[in-house]
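Each chain is listed here by its residues.
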Amino acid sequence: MDGKPHYQLTMYSLRTCGFCREKREQLRKQHIAFEEHFIDEDDSKWSEVTAKLERAGYPPSGYGTPIFEANGKMLPNNPKMSLIKSTLRDSLPGAAG
């Protein structure tokens, strides 16, 4: 193993969001690597996450933050840590369902 995580977790956040700040800390405390984009500072990231949510079958508006993409699966509306972790685990190659 190369020491790098074998998953991809992206968090779409707002700078002023208390839920985003809380989830960021939970991820760090549990040593879960993630990439974070602030959709209130980068219009291209807002467009990106909106398009991804629509492709995943979510309605075109009304999302709560943070919004996650876990190995390609969209998890809007401040999902619970247990859902984030199970989605990462279940979507890894070779994961037994």
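Everything below is about the structure printed above this text.
Student: Would you explain the overall build of the protein in this entry?
Tutor: Of regular secondary structure, the protein possesses 3 helices and 4 strands. Listing each helix as α and each strand as β along the protein from the N terminus yields β-α-β-α-β-β-α. Counting only residues that meet the buried cut, the protein has 37% of its 97 residues in that class. Put simply, of all contacts in the protein between residues at least 6 apart along the chain, 53% involve residues at least 24 apart. Element-wise, carbon and sulfur atoms account for 51% of the exposed surface of the protein, whose accessible area totals about 6,100 Å².

Student: Even after reading the chapter, I still don't get the environment of Asn77, so can you show me in this structure?
Tutor: By the secondary structure assignment, Asn77 is in the loop between strand S4 (73–75) and helix H3 (81–90). Asn77 gets classed as partly exposed once you look at its relative accessible area, which sits at 43%. Each C-alpha atom of the pair Asn77 and Phe19 lies 9.8 Å from the other, and the pair is 58 residues apart in sequence. Not counting the four nearest positions on each side in its chain, Asn77 is found in contact with Gly62, Tyr63, Gly64, Pro66 and Ile67. Reaching out from Asn77, the side chain makes a polar contact with the backbone nitrogen of Gly64 at a distance of 2.5 Å.

Student: Sorry if this is basic, but what is going on with the packing of aromatic side chains here?
Tutor: Two descriptors summarise a pair of aromatic rings, namely the distance from one centre to the other and the angle between the planes of the rings. Taken as a whole, this structure holds 0 aromatic pairs when the rule is applied. Above the ring of Phe38, the side-chain terminus of Arg15 is found at 3.4 Å from the ring centroid.

Student: How should helix H1 (residues 18–29) be read in this particular structure?
Tutor: In a regular helix each residue adds 1.5 Å, so 12 residues correspond to 16 Å; H1 covers 17 Å between its end C-alpha atoms and thus fits that length. Note on H1: the residue one or two positions beyond its end, His31, has a positive phi of about 55°.

Student: Just checking my understanding: could you explain the side chain of Thr50 for this structure?
Tutor: Here Thr50 lies in helix H2 (residues 43–55). The exposure class of Thr50 is buried, given its relative accessible area of 13%. Among the polar contacts made by the side chain of Thr50, one reaches the main-chain carbonyl oxygen of Trp46 at a distance of 2.8 Å. Apart from the residues lying within four places of it in its own chain, the contact partners of Thr50 are Pro60 and Tyr63.

Student: For this particular structure, what's the right way to read H3?
Tutor: An α-helix turns once every 3.6 residues. As a result, residues three or four positions apart point the same way. For H3, the complete set of buried residues consists of Met81, Ile84, Ser86, Thr87 and Leu88. In this structure, the buried side of H3 is in contact with strand S1 (9–13), H1, strand S3 (67–70) and S4.

Student: Would you explain the sheet that holds S3 in this entry?
Tutor: In any sheet, the strands associate via hydrogen bonds between backbone groups, in a parallel or an antiparallel arrangement. One open sheet accounts for 4 strands, arranged S2-S1-S3-S4; its pairing is mixed. One side of each edge strand has no neighbouring strand; the edge strands of this open sheet are strand S2 (35–38) and S4. The sheet shows a mean angle of 20° between the axes of neighbouring strands, direction not considered. Strands in contact with H1 are S1, S2 and S3; relative to S1, the strand with the most contacts, it is inclined by about 155°. Across the sheet, H2 is in contact with S1, S2, S3 and S4; its angle to S1 comes to roughly 115°.

What counts and what doesn't
- Throughout this description, residue numbers start from 1 for each chain and increase along the sequence as written.
- Two thresholds apply to this predicted model, a pLDDT of at least 70 for residue-level local features and 80 or more for giving and counting side-chain atom pairs, whereas whole-chain, interface and lining totals are computed over all residues.
- The side-chain numbers reported here are obtained from all heavy atoms of the structure, hydrogens and water having been left aside.
- A run of H or I in DSSP becomes a helix once it reaches four residues, and a run of E becomes a strand once it reaches two; helices and strands are each numbered from the N terminus.
- Classification of residues uses two cut-offs on accessible area relative to the type maximum, computed with a 1.4 Å probe and protein chains only: under 20% is buried, over 50% is exposed, and between them is partly exposed.
- When checking whether two residues touch, look at their non-hydrogen atoms; a contact exists if any pair is within 4.5 Å.
- Every accessible area reported is derived by Shrake-Rupley at a probe size of 1.4 Å, with residue values counting cover from the shown protein chains alone.
- Here a polar contact is taken to be a pair of N or O atoms separated by no more than 3.5 Å, where protein atoms must pair a possible hydrogen donor with a possible acceptor and residues adjacent in sequence count only if both atoms sit in side chains.
- Two aromatic rings, drawn from Phe, Tyr or Trp (for Trp, its six-membered ring), form a pair once their centres lie within 6.5 Å of each other, and the interplanar angle then sorts them: stacked below 30 degrees, edge-to-face above 60, tilted otherwise.
- Lysine NZ or arginine CZ positioned within 6 Å of the ring centre and within 35 degrees of the ring normal marks a charge as sitting over the ring.
- The span you would expect from a helix comes to 1.5 Å times its residue count less one.
- Two strands are counted as paired when DSSP detects at least two bridges linking them.
- Between N-to-C directions, angles cover 0 to 180 degrees, with each direction set by a line fitted to C-alpha atoms, over the stretch in contact for helices.

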